[in-house]
Amino acid sequence: AQSVSQHNHHVILSEAASLELGCNYSYGGTVNLFWYVQYPGQHLQLLLKYFSGDPLVKGIKGFEAEFIKSKFSFNLRKPSVQWSDTAEYFCACRPSGGYQKVTFGTGTKLQVIP
Amino acid sequence: EAGVTQFPSHSVIEKGQTVTLRCDPISGHDNLYWYRRVMGKEIKFLLHFVKESKQDESGMPNNRFLAERTGGTYSTLKVQPAELEDSGVYFCASSHPPGGVGTDTQYFGPGTRLTVL
């Protein structure tokens, strides 16, 4: 069975700082990878996803993530965060092909200070 | 296009009572999923419907949980009788695989926060 590990549980940054949230997955085969975000009072939204092809994936709101297969990693990055990026971020993984369940990490709470 | 909706948004019940949660997926989405997040922990898969059939129910905690999707539209998740450890946020998600199985992205509802006292 697959698992997802998010290393940072709570991150505090000042506006304009760069962001990198770590995500590692454990699975022996090929995977689909996702980052979801939950803004305060809102539901989970998809930020970006990787299915295949270019390992550098660009998502909404200036976020990007890089799939490094050799490291089983899918870290989320943003060069300059804004106060509106304050939210909880979830990395998720699913074995590719067929009907497969999605496994989530424990989430990282990001607080951006103005 | 309306998103995934869930009802109720909050439910507070006493141990031993029954609660039924409802999920309305995005119209046309054959795949419907239930997840649960216990406070501070990861979001965990409960089960997956394809239309009205249960594709995978390996995440259901025990037989106090019963999910249905009659007619392949909305779904209900009943907890009977509820226990303290059932408290958490229950999410529903739906998807439609544009390129066939395994190509879908799940869209989530706002969740139902269940508190069992």
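See the structure shown above.
Here is what the cut-offs are and how they apply
- Residues numbered from 1 in each chain as written.
- Chains lettered and ligands numbered in written order.
- Predicted model: local features only at pLDDT ≥ 70, side-chain atom pairs only at ≥ 80, totals over all residues.
- Heavy atoms only, no water.
- Helix = DSSP H or I, 4+ residues; strand = E, 2+ residues; numbered from the N terminus.
- Rg over C-alpha atoms; globule rule 2.2 N^0.38 Å.
- Buried < 20%, exposed > 50% of the residue type's maximum accessible area, 1.4 Å probe, protein only.
- Contact = heavy atoms within 4.5 Å.
- Lys, Arg positive; Asp, Glu negative; His and termini not counted.
- Charge placed at Lys NZ, Arg CZ, Asp CG, Glu CD.
- Areas by Shrake-Rupley, 256 points an atom, 1.4 Å probe, with all protein chains shown as cover.
- Pairing = 2+ DSSP bridges.
- Polar contact = N/O pair within 3.5 Å; in protein donor to acceptor, adjacent residues only side chain to side chain.
- Buried area = accessible area lost by both parts, 1.4 Å probe.
- Salt bridge = Lys/Arg side-chain N within 4 Å of Asp/Glu carboxyl O.
- Nonpolar A, V, L, I, M, F, W, Y, C, P; charged D, E, K, R; others polar.
- Disulfide = S-S within 2.5 Å.

1. Focus on the overall build of chain A
And step 1. A count of helices and strands for chain A gives 0 helices and 12 strands.
And step 2. Ordered by position from N to C terminus, the α and β elements of chain A give β-β-β-β-β-β-β-β-β-β-β-β.
And step 3. On C-alpha atoms alone, chain A measures out to a radius of gyration of 14 Å, which is about the 13 Å that the 2.2 N^0.38 rule sets for 114 residues.
And step 4. Taken along the three principal axes of its C-alpha coordinates, chain A extends 45 × 25 × 20 Å.
And step 5. Split into buried and exposed, the 114 residues of chain A put 46% on the buried side.
And step 6. Sequence separation of at least 24 residues holds for 55% of the intrachain contacts in chain A that already meet a minimum separation of 6.
And step 7. Once the 10 positive and 7 negative side-chain charges of chain A are each reduced to a mean point, those two points are 8 Å apart.

2. Some details on the overall build of chain B
And step 1. Counting its regular elements, chain B contains 0 helices and 11 strands.
And step 2. Reading chain B from its N terminus to its C terminus gives the helix and strand order β-β-β-β-β-β-β-β-β-β-β.
And step 3. A globule of 117 residues ought to have a C-alpha radius of gyration of about 13 Å, and chain B, at 14 Å, matches this closely.
And step 4. A buried classification covers 48% of the 117 residues belonging to chain B.
And step 5. As presented, chain B carries roughly 5700 Å² of accessible surface, and 50% of it is formed by carbon and sulfur atoms.
And step 6. Counting 12 positive and 13 negative side-chain charges, chain B places the centres of these two groups 4 Å from one another.

3. Observations concerning the pairing of strand E5 (residues 43–50) of chain B
Residue and element names in this part refer to chain B.
And step 1. Most of E5 sits inside the fold, with 7 of its 8 residues counted as buried.
And step 2. Of the pairings in the sheet, the one linking strand E4 (residues 31–37) to E5 comprises 7 bridges and is antiparallel in character. Counterpart to tyrosine 33 in the pairing with E5 is histidine 48.
And step 3. In sequence, E4 turns back onto E5 through a hairpin of 5 residues, with glycine 40 there showing a positive phi of about 80 degrees.
And step 4. Alignment of E5 against strand E6 (residues 53–56), held across 3 bridges, turns out to be antiparallel.

4. Considering the side chain of arginine 36 of chain B
Residue and element names in this part refer to chain B.
And step 1. Examined against the element boundaries, arginine 36 turns out to sit in strand E4.
And step 2. Within polar-contact distance, the side chain of arginine 36 engages the side chain of tyrosine 90 at 3.2 Å.
And step 3. If we ignore the near neighbours within four places in the chain, the residues touching arginine 36 are Glu42, Ile43, Lys44, Leu46, Pro61, Phe65, Glu85, Asp86, Val89 and Tyr90.

5. Examining the interface of chain B and chain A
And step 1. Taken together, the contact pairs 22 residues of chain B with 19 residues of chain A.
And step 2. Buried area between chain B and chain A, summed over both chains or domains, comes out near 1800 Å², and the portion from carbon and sulfur atoms is 58%.
And step 3. Counting every contact that joins chain B to chain A gives 1 salt bridge.
And step 4. The tally of links from chain B across to chain A stands at 4 residue pairs in polar contact (both at pLDDT 80 or more).
And step 5. When residues of the side of chain B that touches chain A are traced back to their parent elements, those giving at least two are E4, E5 and E6 of chain B.
And step 6. No other element matches E5 of chain B, which puts 4 residues into the side of chain B that touches chain A.
And step 7. Its residues assigned to classes, the side of chain B that touches chain A comprises 8 nonpolar, 9 polar and 5 charged.

6. A look at the state of the cysteines
And step 1. Tallied over the full model, the rule gives 2 disulfides over all chains.
And step 2. Disulfide partner of cysteine 23 of chain A: cysteine 91 of chain A, at an S-S distance of 1.9 Å. Measuring handedness by torsion sign, the sulfur bridge of cysteine 23 of chain A and cysteine 91 of chain A sits at about -65 degrees and is left-handed. Linking cysteine 23 of chain A in strand E4 (residues 23–26) with cysteine 91 of chain A in strand E10 (residues 87–95), this pair joins segments that are 68 residues apart in sequence. Comparing cysteine 23 of chain A with cysteine 91 of chain A shows no difference in burial state: the two are buried.
And step 3. Paired by a disulfide, cysteine 23 of chain B and cysteine 92 of chain B hold their sulfur atoms 1.8 Å apart. Across the disulfide from cysteine 23 of chain B to cysteine 92 of chain B, rotation about the S-S bond amounts to roughly -60 degrees, and the bridge is consequently left-handed. With cysteine 23 of chain B in strand E3 (residues 19–24) and cysteine 92 of chain B in strand E9 (residues 88–95), this residue pair connects regions lying 69 residues apart in the sequence.

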